[in-house]
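Chain residues, written in single-letter form:
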2 protein chains.
Amino acid sequence: MPLKKRQYDDACAATHAIDMLGQRWVLPVMRELMLGPKRFTDLKSDLRTISANVLTQRLEMMEERGVITRLRLAPPASGQAYGLTPWGYQAAPIFQTMARWGARSPEHDPAAPMSATSLVLSLRSMVDPERAAGFCALVGLHLGRETFTVDYNSGAVAIARRTLPQDLDAVITADPDAVAALVHCAVPLIDLETHGRMAVSGDRFVIERMATLYPPCTRAQLPPE
Amino acid sequence: MPLKKRQYDDACAATHAIDMLGQRWVLPVMRELMLGPKRFTDLKSDLRTISANVLTQRLEMMEERGVITRLRLAPPASGQAYGLTPWGYQAAPIFQTMARWGARSPEHDPAAPMSATSLVLSLRSMVDPERAAGFCALVGLHLGRETFTVDYNSGAVAIARRTLPQDLDAVITADPDAVAALVHCAVPLIDLETHGRMAVSGDRFVIERMATLYPPCTRAQLPPE
DNA sequence: CGGCATCCGGGAAGATACTG
DNA sequence: CAGTATCTTCCCGGATGCCG
């Protein structure tokens, strides 16, 4: 009957946003779509531990709410895909502020596994503009089945999921975890290479420099017991 | 026993943040503490529909995670209170970006009831810096049992929960909903006064000007069916 | 008053299997 | 590939009662 939805439903816009984003799997789905539309199966495999029924239900609800929209894929690809609406894309600053806050959590583990998309997004959201002020380079990333570009331009960072162009300064081939180890956990590039976790082509110094643009983890201190 | 916690537990800092903030009532509790510590009973009455056992459990968990801390109240007030930790206060930009995004939701209703704290926070997070560029004024708010100050200074907005000082330019006495109607829903001041929903003292023009600093609601369009 | 412990009902999330 | 259907488990919220 009343169909209680367990939402706050008050006029506070922030709690309303959490009504939209706080339900299980909504935020990870939006994250995976931040760099462009994906198909059901790709979403399911990128999220790894979501079950098909929950994904189905969540996509329906997010479409109702206007966060995502169903797209017909242009031939040659068949079938359909899901993409963010303009309003959905406008949630990007939320990811930025949440990532910067969440990285300071005492319980956050930057060495846990992560998806390709979340790694690439972190390259934009976690950069220290001061350290990147004088750095300009176009870097390619080869992460599993997908490729991305990261364009550093005097403090600004532009990211994209696309086929790699010709004019790259350097290319990294690795798992997302290895790139995270390089930039977020200060693991030396040479160590990753000797363990076979990463391969670099092009200007090697660009990658060394890129690894210095991200602040080391400074977790908030828990008060003594 | 595995004790599954229904968290994402991945390295993506944004999803880790939602692990911390997305659980029911966590965000509203943080919101209510953003302008200073409160006691259990005040929290419970400000949140209105939370039950005591859930509030107890949530406060425990938030303390474990380092978001809030238990405080002994200085005499003459007796007992204890709960306040945000430094890391907890650092979540303020999350509220800002979520509020600006949530206000554009097709389902957001700015006329719903809201707490005094969330109204005052919205005066900071929703201001349009361009419109407020040339505006400097110190406004007092009398909302129920609490008083606040709002300090407009050339686009910046500083808010505080405190006893009202002497050098105010104007004072509003009203319910939070009435102030929201004034600034967020473009209800004319005179209408609120004639209906007895608001009383203004001091420089009346300051309040009229203040009402123009906030953009009208522009909701994201839902795609046609 | 200011919490904490326990039981209960309903609903949301997870696992698995299956279908067009 | 793109979802359904079913079953189980877990979490939320309400009520009640206890304790300082």
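Residues numbered from 1 in each chain as written. Chains lettered and ligands numbered in written order. Predicted model: local features only at pLDDT ≥ 70, side-chain atom pairs only at ≥ 80, totals over all residues. Heavy atoms only, no water.

Visitor: Please clarify how the protein's contact with DNA strand D should be interpreted in this entry.
Guide: Surveying the vicinity of DNA strand D reveals 20 residues, the closest of which are Arg6, Thr41 and Tyr82 of chain A together with Arg24 and Asn53 of chain B. Of all atoms in DNA strand D that approach within 4 Å of the protein, 72% are sugar or phosphate atoms. Tyr82 of chain A places a side-chain nitrogen or oxygen 2.7 Å from a phosphate oxygen of DNA strand D. Trp25 of chain B places a side-chain nitrogen or oxygen 3.1 Å from a phosphate oxygen of DNA strand D. A per-class count over the surface near DNA strand D returns five nonpolar, eight polar and seven charged. (Near = heavy atom within 4 Å. Polar contact = N/O pair within 3.5 Å; in protein donor to acceptor, adjacent residues only side chain to side chain. Nonpolar A, V, L, I, M, F, W, Y, C, P; charged D, E, K, R; others polar.)

Visitor: Sorry, what's going on with the sheet that holds strand β3 (residues 136-143) of chain A here?
Guide: Whether parallel or antiparallel, the strands of a sheet pair through hydrogen bonds between backbone atoms. Residue and element names in this part refer to chain A. With respect to topology, five strands assemble into an open sheet ordered β5-β4-β3-β6-β7, the strand pairing being mixed. Two strands in the sheet have a free side with no partner beyond their single neighbour: β5 (156-161) and β7 (198-202). Shown here is a sheet whose adjacent strand axes are inclined to one another by a mean of 20°, direction ignored. Sheet topology note: the strand β6 (residues 170-174)/β7 ladder contains five bridges and is antiparallel. Across the sheet, the residue bridging to Thr173 is Ala199, located in β7. Set on the sheet, helix α8 (residues 176-184) makes contact with β3, β6 and β7; between it and β6 the angle comes to about 120°. (Pairing = 2+ DSSP bridges. Helix = DSSP H or I, 4+ residues; strand = E, 2+ residues; numbered from the N terminus. Axes fitted to C-alpha atoms, helices over the stretch in contact; angles between N-to-C directions. Contact = heavy atoms within 4.5 Å.)

Visitor: What should I look at first to understand the packing of helix α3 (residues 40-47) of chain A against helix α4 (residues 52-64) of chain A in this one?
Guide: Packed helix pairs are specified by the crossing angle of their axes together with the interaxial distance, meaning the distance between the axes. Residues and elements named next belong to chain A. The contact between α3 and α4 brings their axes to 11 Å, and the two run at 120°. As the angle between them shows, α3 and α4 are arranged oblique. Handedness of the crossing formed by α3 with α4: right-handed. Two secondary-structure elements touch here, α3 through Phe40, Leu43 and Lys44 and α4 through Ala52, Leu55, Thr56 and Leu59. (Parallel < 35°, antiparallel > 145°, perpendicular 65-115°, else oblique. Left-handed = near helix turned anticlockwise from the far one by under 90°.)

Visitor: How should the packing of aromatic side chains be read in this particular structure?
Guide: Here a ring pair, both rings aromatic, is described through the centre-centre distance and the interplanar angle of the planes. Within this structure, the stated rule accounts for six aromatic pairs over all chains. Centre to centre, the rings of Trp87 of chain A and Trp101 of chain B are 4.2 Å apart; their planes meet at 5°, and the pair counts as stacked. Of this pair, Trp87 of chain A sits in helix α5 (residues 86-89) while Trp101 of chain B sits in helix α6 (residues 92-102), each in a different chain. Taking the relative accessible area as the measure of exposure, Trp87 of chain A reaches 3% and is therefore buried. In this arrangement the basic side chain of Arg24 of chain A is found over the ring face of Trp25 of chain A, its NZ or CZ atom lying 5.1 Å from the centre. (Phe/Tyr/Trp six-rings, centres within 6.5 Å; stacked < 30°, edge-to-face > 60°. Buried < 20%, exposed > 50% of the residue type's maximum accessible area, 1.4 Å probe, protein only. Lys NZ or Arg CZ within 6 Å of the ring centre and 35° of its normal.)

Visitor: Quick question: what am I supposed to make of the relation of the copies chain B and chain A here?
Guide: Each copy of the chain is related to the other by a rotation around an axis and a translation along that axis. Its rotation angle being 180°, the transformation that places chain B on chain A also includes 0.0 Å of axial translation and leaves an RMSD of 0.0 Å. Read as a symmetry element, the transformation amounts to a two-fold axis. Relative to the rotation axis, the closest C-alpha in chain B is found at Gly22 of chain B, a distance of 2.4 Å. Mapped onto chain A, 100% of the interface residues of chain B again fall at the interface, so both copies present the same surface. (Least-squares fit on C-alpha atoms with pLDDT ≥ 70 in both.)

Visitor: What exactly am I supposed to notice about the protein's contact with DNA strand C here?
Guide: Near DNA strand C lie 17 residues; those nearest to it are Arg24, Asn53 and Arg58 of chain A together with Arg6 and Thr41 of chain B. Near-protein atoms of DNA strand C (within 4 Å) split between backbone and bases, with sugar and phosphate holding 90%. A distance of 3.1 Å separates a phosphate oxygen of DNA strand C from a polar backbone atom of Phe40 of chain B. For the surface near DNA strand C, the secondary structure elements donating two or more residues are α4 of chain A together with α3 (40-47), α4 (52-64) and β2 (80-84) of chain B. Looking at side-chain class alone, the surface near DNA strand C contains three nonpolar, seven polar and seven charged residues.

Visitor: Help me understand the interface of chain B and chain A in this model?
Guide: For interface size, the figure often reported is the accessible area lost on association. The interface is formed by 54 residues belonging to chain B together with 54 residues belonging to chain A. For the pairing of chain B and chain A, the buried interface totals around 4,600 Å² over both sides, and the portion due to carbon and sulfur atoms is 69%. Ranking the residues of chain B by area buried against chain A places Tyr8, Trp87 and Trp101 of chain B at the top, with a combined share of 18%. Counting the contacts that link chain B with chain A gives two salt bridges. For the interface between chain B and chain A, the tally reads 17 residue pairs in polar contact (both at pLDDT 80 or more). For the side of chain B that touches chain A, the secondary-structure elements that each account for two or more residues are α1 (13-21), α2 (26-33), α5 (86-89) and α6 of chain B. A breakdown of the residues in the side of chain B that touches chain A according to their chemical character gives 31 nonpolar, 13 polar and ten charged. (Buried area = accessible area lost by both parts, 1.4 Å probe. Salt bridge = Lys/Arg side-chain N within 4 Å of Asp/Glu carboxyl O.)

Visitor: What am I meant to see in the domain arrangement of chain A here?
Guide: Residues and elements named next belong to chain A. In terms of domains, chain A is made up of domain 1 (13-90) and domain 2 (108-213). Between the C-alpha centres of domain 1 and domain 2 there is a distance of 25 Å. Listed per partner, the contact involves eleven residues of domain 1 and ten residues of domain 2. Taking both sides of the interface into account, the surface hidden between domain 1 and domain 2 amounts to around 850 Å²; carbon and sulfur atoms contribute 52%. Linking domain 1 with domain 2 are one salt bridge. (Domains from an automatic or database assignment.)

Visitor: How do you make sense of unusual backbone geometry when you look at a structure like this?
Guide: Most peptide bonds are trans, and most residues other than glycine sit at a negative phi. With a phi angle near 70°, Arg48 of chain A is a residue other than glycine that sits in the positive phi range. Mapped onto the elements, Arg48 of chain A comes out in the loop between α3 and α4. We classify Arg48 of chain A as exposed; its relative accessible area is 61%. Residues other than glycine seldom take positive phi values, yet Trp25 of chain B does so here, at roughly 80°. Tracing the backbone through its elements, the reader meets Trp25 of chain B in the loop between α1 and α2.

Visitor: What's the story with the side chain of Thr85 of chain A in this structure? I'm lost.
Guide: Structurally, the position occupied by Thr85 of chain A is in the loop between β2 (80-84) and α5. Filtering out sequence-adjacent residues up to four positions away, Thr85 of chain A remains in contact with Gly66, Val67, Ile68 and Thr69 of chain A.

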